[in-house]
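The chain contents come next:
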Amino acid sequence: MLPLTSQADPVRVLFLENIHPIAVERMRSEGYEVETVGRGLDEEELIAKLDGVHLLGIRSKTQVTANVLASAPHLRAIGAFCIGTDQIDLRCAAESGIAVFNAPFSNTRSVVELAIAEIISLTRRLTEKNADMHNGVWNKDAAGSHEVRGRSIGIVGYGNIGTQLSVLSENLGLRVYFYDTSERLTLGNAVRCNSLDELLEVADIVTLHVDGRPGNSGFFGEEQFAKMRPRSIFLNLSRGFVIDHDALRRHLDNGHLAGAAVDVFPQEPKAKGDEFVSALRGLPNVILTPHIGGSTEEAQSDIGAFVAEKLHKYVAEGSTTLSVNLPSLNLQQLPDTHRIALLHHNVPGVLAEVNSIFAGHKVNVEGQILATRGEYGYLLTDVAAQYPQEILAQLTGMATTVQLRVLS
């Protein structure tokens, strides 16, 4: 294995799925060659496109599998221009020395505002009133329409989105309950439920904001819908595969549920204009949106700038701050130094071995930082501008080395 050098050739970037132009502009301003594709790619297409590509940018539709990663020897980092990273084989990426970055905060507000809008719309039966009006029916009555004030909302998943939704819901006068398998700080007057069943017993509105881990597949189905309160409302703005859509349809058809809003689906069209197929189509009390929870101009601009900056910092400085699969660290580089980045297996003695190699060549370490995460450690070392190339061969040859990069 040879040392990888960031500066030798132009860095090639591939951005898929209509990533915001601000990200393209940011990368091009740093001299990167950027190609854009306006849709997701299947595995075979992606493998062909990644030939010679160093940085990949995707959203939620493109699956970066172990097979894709094995076929992309030049790939150095992946930017997920969204919150979720379950579409990427993170373990395989780490094994290949490929850093993965996402945008865990940038579109939080957009998702929360959509949830609030849908809660109010369904509680007031606005979807049905709107359909009647477009059909020429003047149906002015208050039956089944309610204020959200004084009602209860159950938030399943109390992470970045769930907590912000909790605060805004309470400001609207809703009683907030939440359930999360992890320990979370309770905000405001929210009440933590000890189980999902406990939450379903008290919530007039149930909204899912869970992550895409495999264990969440199909966790909300017939049993859970049956336990929801009569005439309650259901929302899913998390992942399409976490709910049973046929079961949801049955409970809407029989009147047990008053309405639903769904933004994510198990199978989603790859491109704008493709046919959308779902068991939930055609119901007047259901809001269906095409995975647009984070699709506001403000959110997409913020995400574009945020993730593009992370990719650039990784290439130029070796920074892994907020990486989802590698140890997170950042080191301010001193003038007149070269930076060497070493990804290695997390075993005792690596730092001592590295520094003994530098000492053996009488090269002084000017700056250094090490972080570990699970099976891997990541080391940034700044050394004097002049050093023998034999050092790189020795560092690459260590039994623990996964990847060595010379940054400058």
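Going by the structure above, here's the rest.
This section reports on the structure supplied with the text. (Residues numbered from 1 in each chain as written. Predicted model: local features only at pLDDT ≥ 70, side-chain atom pairs only at ≥ 80, totals over all residues. Heavy atoms only, no water.)

1. Considerations on the overall build of the protein chain
Regarding its fold elements, the protein chain presents 13 helices and 17 strands. Taking the principal axes of its C-alpha atoms as reference, the protein chain extends roughly 85 × 45 × 35 Å. Partitioning the intrachain contacts of the protein chain with sequence separation of at least 6 by distance along the chain shows that 65% fall at a separation of at least 24. Entry remark: accessible area of the protein chain is about 18700 Å², with carbon and sulfur atoms responsible for 51%. When the 35 positive and 48 negative side-chain charges of the protein chain are each reduced to one mean point, those points stand 5 Å apart. (Helix = DSSP H or I, 4+ residues; strand = E, 2+ residues; numbered from the N terminus. Contact = heavy atoms within 4.5 Å. Areas by Shrake-Rupley, 256 points an atom, 1.4 Å probe, with all protein chains shown as cover. Lys, Arg positive; Asp, Glu negative; His and termini not counted. Charge placed at Lys NZ, Arg CZ, Asp CG, Glu CD.)

2. Digging into the pairing of strand β2 (residues 12-15)
Relative to strand β3 (residues 33-36), β2 is paired through four bridges, and the arrangement is parallel. Residue pairing across strands places Leu14 opposite Glu35, the latter belonging to β3. As a crossover connection, the stretch from β2 through helix α1 (residues 21-29) into β3 is right-handed. As paired elements, β2 and strand β4 (residues 55-58) share three bridges and run parallel to each other. Each residue of the ladder has a partner; that of Val13, found in β4, is Leu55. (Pairing = 2+ DSSP bridges. Right-handed = clockwise from strand over helix to strand, strands pointing away.)

3. Some details on the packing of aromatic side chains
As enumerated under the stated definition, the model contains eight aromatic pairs in all. Summarising the aromatic geometry, the rings of Phe225 and Phe234 are spaced 5.0 Å apart at their centres and angled 75° between planes, so their arrangement reads as edge-to-face. Across the pair, exposure class does not vary: Phe225 and Phe234 are buried alike. Each member of the aromatic cluster is reached from another via a ring pair, and the members are Phe219, Phe220, Phe225 and Phe234. A cation sits over an aromatic face here: Arg405 above Tyr314, 4.0 Å from the ring centre. (Phe/Tyr/Trp six-rings, centres within 6.5 Å; stacked < 30°, edge-to-face > 60°. Buried < 20%, exposed > 50% of the residue type's maximum accessible area, 1.4 Å probe, protein only. Lys NZ or Arg CZ within 6 Å of the ring centre and 35° of its normal.)

4. Here's the deal with the sheet that holds strand β6 (residues 99-101)
One open sheet holds the five strands; their spatial order is β3-β2-β4-β5-β6, and the pairing between them is parallel. The outermost strands of the open sheet, each flanked by one partner alone, are β3 and β6. Within the sheet, the average angular offset between the axes of one strand and its neighbour, ignoring direction, is 15°. The strands that helix α11 (residues 297-317) touches are β2, β4, β5 (77-80) and β6; relative to β5, the one it contacts most, it runs at about 165°. (Axes fitted to C-alpha atoms, helices over the stretch in contact; angles between N-to-C directions.)

5. A closer look at the state of the cysteines
What the rule picks out here adds up to zero disulfides. Cys82 takes part in no disulfide bond, and the closest cysteine sulfur, belonging to Cys92, lies 19 Å away. A residue is classified by how much of its surface remains accessible, and Cys82, at 12% relative accessible area, is buried. (Disulfide = S-S within 2.5 Å.)

6. Some words on the sheet that holds strand β10 (residues 205-208)
Strand pairs in the sheet, formed through backbone hydrogen bonds, run parallel or antiparallel to each other. Strand order in the open sheet made by the seven strands is β9-β8-β7-β10-β11-β12-β13, with parallel pairing throughout. If you trace the sheet from one side to the other, it starts and ends with β9 (191-192) and β13 (286-288), each paired once. Both strand β11 (residues 232-236) and strand β12 (residues 257-262) contribute to a ladder of five bridges, which runs parallel. Paired with Asn236 across the bridge in β12 is Val262. Where helix α5 (residues 108-123) meets the sheet, its contacts fall on β7 (152-156), β10, β11, β12 and β13, and the angle it forms with β11 comes to roughly 150°. Where helix α7 (residues 160-171) meets the sheet, its contacts fall on β7, β8 (175-179) and β10, and the angle it forms with β7 comes to roughly 175°.

7. Considering α7
An ideal rise of 1.5 Å per residue puts 16 Å on twelve residues; α7 measures up with 17 Å between its terminal C-alpha atoms. Among all positions in α7, only Ile161, Gly162, Thr163, Leu165, Ser166 and Ser169 are buried. Residues of α7 that are buried in the fold lie against α5, β7, β8 and β10. Taken from the residues just after α7, Gly173 is the one with a positive phi, measuring 95°. (Expected span 1.5 Å × (residues − 1).)

8. Considerations on the nonpolar core
Here is a general trend for soluble globular proteins: nonpolar side chains tend to be buried in one another's company. In terms of nonpolar packing, the biggest core is built from 33 residues, with Val13, Phe15, Met27, Tyr32, Leu55, Phe81 and Leu311 touching the most fellow members. Among the secondary structure elements, those contributing two or more residues to this core are β2, α1, β6, α11, β14 (337-345) and β16 (376-384). What Leu55 contacts, discounting residues up to four positions off in sequence, is Val11, Arg12, Val13, Leu14, Met27, Tyr32, Leu75, Ala77, Leu311 and Val315. (Core = buried A, V, L, I, M, F, W, Y, C linked by side-chain atoms within 4.5 Å.)

9. Brief notes about the pattern of salt bridges
Under the counting rule described, the total for this entry stands at 22 salt bridges. For Arg184, the salt bridge goes to Asp180, with nearest N and O atoms at 3.4 Å. Overall, Arg184 belongs to the partly exposed group, its relative accessible area being 38%. According to the relative accessible area criterion, Asp180 is buried, its value standing at 10%. Measuring nitrogen to oxygen at the nearest pair gives 3.1 Å for the salt bridge that ties Glu222 to Arg250. Linking Glu222 in helix α9 (residues 222-227) with Arg250 in helix α10 (residues 245-253), this pair joins segments that are 28 residues apart in sequence. Taking relative accessible area as the criterion, Glu222 reaches 35% and is therefore assigned partly exposed. Connected via shared salt-bridge partners are Arg26, Glu30, Glu309, Lys313 and Glu317. (Salt bridge = Lys/Arg side-chain N within 4 Å of Asp/Glu carboxyl O.)

By themselves, these observations are geometric and do not establish any function.
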